[in-house]
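Residue strings, one per chain:
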Amino acid sequence: MKFEDLNLIRNIQQALSEQGYEAPTPIQEQAIPIILDGKDLVGCAQTGTGKTAAFAIPIINNLHRIVGSATKVKYIRALVITPTRELALQIGESFDTYGKYTNIRTLTIFGGVNQTSQVDQLKKGVDVLVATPGRLLDLHKQGFINLDHMHHLVLDEADQMLDMGFIHDVKKIVKLTPDNRQTLLFSATMPLPIRELADSFLTKPEYVSVTPVSSTAERVKQHLYHVDKGDKRKLLYHLIRNESLNNVLVFTRTKHGADNVVKALKKNGVESGAIHGDKSQNSRQRVLDAFKNKEIPVLVATDIAARGIDIESLPYVINFDLPNIPETYVHRIGRTGRAGNSGLAISFCGKDELPYLKDIEKLIKMKLKVIDGHPYPYSEETAKPEGQKPDFRNKNKSNNQRNGKSKPTGNNSGGNNSRKSEASKKNKKRWY
Ligand code: AMP
């Protein structure tokens, strides 16, 4: 199928061909006709499938008929709710790009920055508003946002909004919108609360699904390094230097962990930057730009901050920590091997993460390729059989005996917090 077959206005087709888009992606092929038809839609698709264009293009197509000449008074006619600032900015840019030859004005609003310029823009009038939930509700409460003329509502990355605790805000927002709206819900996974959300807020939706989350990109090689938690930074540095890895996206489970990796790399002369929720919007954008422009070889990110970041042809993804939700692994490695390029996903697995590894391998229905013979194998007994629950007690004891290093046990601790915190107090932050 070609874009010409989709009955789109020439203004959009021109913008798409300038972007070098030759054909719609599968989600676009399926979703665009449904949305143009005015129906509600549930799209099961993750970032990287072209889902943004799948909703932005038909919305622009419809709005162009209404907005027409630039002289008309502007009302918010489409509202896109998305969990993170980065995603909001990218969606806003997409509307600008695909709507380049229309008079549609898009505004992106998000929290963590001063509201003044957002309010000024709102007062001038916008057709499409892209927003994170908190800022939207805040500005609505202050009377700066009128949703009475809104027709298209997009709930993007719904499962992520659920994970981030935005689901109540999302429900509040939906209730502020007119009943006769068209509602489009996109989500990479479809847990029960998302299906319930769809059932209660969408009217006879059509369902489309691409790249189920359990299928990992075929072109991505997936390597596994068994390594003690305390040696991960050394191994990361070793790989970056010895394998001359450039353009590497490193995932950590926590914000603190991301900062620690950046510091450790810097100490050894490798420049990197971290993006996570505690960083200001400006600092996140600066780091992201530096990484995209190849000024820094390594970007360290938490899952939430990285969600939706669109970086073309990323060759390497490193899971510094294994995620405790197996689907997250699939999202992470989906950042490499895109658009016909090959990619390498490297995962570090501490002994306490073996249960996570088991869950991941079960989901993707394959075993990761174990790389032996690296300089930092497990220092004690060999890897426990897969699936065995981590034994924090023995681990701490043996680590303390070994070299005085404590091993904080990560996020999945059971009932041994006091032991854990004692151990970590003794040996705070030892940099590599
Ligand atoms: P998304 O899944 O919306 O994050 O899109 C992922 C990437 O695919 C973005 O960089 C888009 O610019 C790109 N893209 C979207 N649609 C197409 C298309 N039809 N052809 C080529 N690239 C596309």
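Residues numbered from 1 in each chain as written. Predicted model: local features only at pLDDT ≥ 70, side-chain atom pairs only at ≥ 80, totals over all residues. Heavy atoms only, no water.

Focus on the sheet that holds strand β8 (residues 220-226)
Strand order in this open sheet of seven strands is β10-β11-β9-β12-β13-β8-β14, and the pairing throughout is parallel. Each edge of the open sheet carries a strand with a single partner, namely β10 (272-275) and β14 (369-370). Looking at chain direction, β8 and strand β13 (residues 343-349) are connected through seven bridges and run parallel. Bridging from a neighbouring strand, K221 pairs with L344 of β13. Strands β8, β9 (248-252), β12 (316-319) and β13 of the sheet are contacted by helix α14 (residues 326-333), whose axis makes an angle of about 155° with β12. Helix α15 (residues 354-364) contacts β8 and β13 of the sheet and is inclined by roughly 160° relative to β8. (Pairing = 2+ DSSP bridges. Helix = DSSP H or I, 4+ residues; strand = E, 2+ residues; numbered from the N terminus. Contact = heavy atoms within 4.5 Å. Axes fitted to C-alpha atoms, helices over the stretch in contact; angles between N-to-C directions.)

Observations regarding the sheet that holds strand β5 (residues 152-155)
Across the sheet, seven strands lie side by side as β3-β4-β2-β5-β6-β1-β7; this open sheet has parallel pairing. Edge strands, defined here as strands with exactly one partner in the open sheet, are β3 (106-109) and β7 (206-209). Looking at each pair of strands side by side, their axes are set apart by 15° on average, direction ignored. Pairing geometry for strand β1 (residues 41-44) and strand β6 (residues 182-187), over four bridges, is parallel. Bridge pairing in β6 links L41 to L184.

Some remarks on the pairing of β9
In terms of burial, β9 is a largely internal element, five of the five residues being buried. With burial as the criterion, each face of β9 is covered, one bearing V248, V250 and T252 and the other bearing L249 and F251. Here five bridges tie β9 to strand β11 (residues 298-302), and the two strands are oriented parallel to one another. Looking at β11, one finds that L249 is bridged to L299. (Buried < 20%, exposed > 50% of the residue type's maximum accessible area, 1.4 Å probe, protein only.)

A few points about helix α11 (residues 255-267)
The end-to-end C-alpha distance of α11 is 19 Å, a good match for the 18 Å that 13 residues give at a rise of 1.5 Å each. Those residues of α11 that sit buried are G257, A258, N260, V261, V262, A264 and L265. Where the residues of α11 are buried, they touch α10 (232-242), β9, β10 and β11. Immediately beyond the C-terminal end of α11, within one or two residues, lies G269, with a positive phi of roughly 85°. (Expected span 1.5 Å × (residues − 1).)

Some details on the confidence of the model for the protein
In the predicted model, the protein carries a mean pLDDT of 84, and the fraction of residues at 70 or more is 82%. Confidence over residues 382-432 falls short of pLDDT 50; this stretch has 76 contacts with residues more than four positions distant or in other chains. (pLDDT = per-residue confidence, 0-100.)

Comments concerning the pattern of salt bridges
Side chains that differ in charge, positive against negative, can pair when their charged atoms come close. Taken as a whole and judged by the stated rule, the model has 17 salt bridges. Of the charged contacts in the structure, one is a salt bridge between D37 and K39, with a shortest N-O distance of 3.3 Å. On the basis of relative accessibility, which here comes to 35%, the residue K39 falls in the partly exposed class. Here K172 and D169 are joined by a salt bridge, their closest N and O atoms 3.9 Å apart. Linking K172 with D169, this pair stays in helix α8 (residues 167-175), spanning three residues, or about one helical turn. Salt bridges sharing common partners tie together K232, R253, D321 and E353. (Salt bridge = Lys/Arg side-chain N within 4 Å of Asp/Glu carboxyl O.)

Some remarks on the nonpolar core
Core analysis: the largest hydrophobic core is formed by 36 residues, its most contacted members being L8, L41, F55, I57, I59, F95 and L184. Among the secondary structure elements, those contributing two or more residues to this core are α1 (10-18), α2 (26-36), α3 (51-67), β2 (78-81), α4 (85-98), β4 (128-131) and β6. With nine residues, α3 is the single largest residue contributor to this core. Apart from residues no more than four positions distant in its own chain, L184 is found in contact with I35, K39, L41, F55, I59, L153, V154 and L155. (Core = buried A, V, L, I, M, F, W, Y, C linked by side-chain atoms within 4.5 Å.)

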